[in-house]
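Okay, here's what each chain looks like letter by letter:
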Amino acid sequence: MAGPDPAALQSCSAWSFVEPGLAQQCTERLRQDLASGSWDERHGHLRQQPYLNGSLVMIRAV
């Protein structure tokens, strides 16, 4: 399976501190967890929250 999209990684500076092989491992595990539904079992409730306080802020105009 292909690794993470380099352009997507460049959009978040934190990835510059992660070795490319580790980035690929992490994104592959996430891909598998999303496909199997295990991510939703553990974290799906976060999709229902109106916002999430975290280290990354995304603003979307609608």
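The present account deals with the structure reproduced in this document.

Reading the values: rules and limits
- Residues numbered from 1 in each chain as written.
- Predicted model: local features only at pLDDT ≥ 70, side-chain atom pairs only at ≥ 80, totals over all residues.
- Heavy atoms only, no water.
- Helix = DSSP H or I, 4+ residues; strand = E, 2+ residues; numbered from the N terminus.
- Buried < 20%, exposed > 50% of the residue type's maximum accessible area, 1.4 Å probe, protein only.
- Areas by Shrake-Rupley, 256 points an atom, 1.4 Å probe, with all protein chains shown as cover.
- Salt bridge = Lys/Arg side-chain N within 4 Å of Asp/Glu carboxyl O.
- Expected span 1.5 Å × (residues − 1).
- Arc of directions from axis to C-beta.
- Contact = heavy atoms within 4.5 Å.

Once that is clear, we can look at the overall build of the protein. If you tally the helices and strands in the protein, you get 3 helices and 0 strands. Counting from the amino terminus, helix and strand elements in the protein follow one another as α-α-α. For the protein, the residues scored as buried account for 8% of the 62 residues in total. For the protein, the exposed area adds up to about 5,700 Å²; of that, 57% sits on carbon and sulfur atoms.

Right, let's talk about the pattern of salt bridges for a bit. One pass over the full model with this rule turns up 4 salt bridges. Between Glu-28 and Arg-31 there is a salt bridge, with the nearest N and O atoms lying 3.0 Å from each other. Here Glu-28 pairs with Arg-31, and both are found in helix H2 (residues 20–36), just 3 residues apart, close to one helical turn. With relative accessibility at 32%, the residue Arg-31 sits in the partly exposed group. With its nearest N and O atoms 2.7 Å apart, the salt bridge here joins Arg-47 to Asp-40. By relative accessible area, Asp-40 is classed as partly exposed at 33%. Residues joined by salt bridges that share partners form a network here, namely Arg-29, Asp-33 and Arg-42.

Because an α-helix completes one turn every 3.6 residues, residues spaced three or four positions apart along the sequence face the same direction. With 17 residues, H2 extends 24 Å between its outermost C-alpha atoms, agreeing within 8% with the 24 Å of an ideal straight helix rising 1.5 Å per residue. Among the residues of H2, those classed as buried are Ala-23, Thr-27 and Asp-33. Projected onto a plane normal to the axis of H2, the buried residues spread over an arc of 120° and lie on a single side. Structural note: H2 exposes Gln-25, Arg-29, Ala-35 and Ser-36 on the side pointing more than 90 degrees away from its buried face. Taken together, the buried residues of H2 touch helix H1 (6–10) and helix H3 (38–43).

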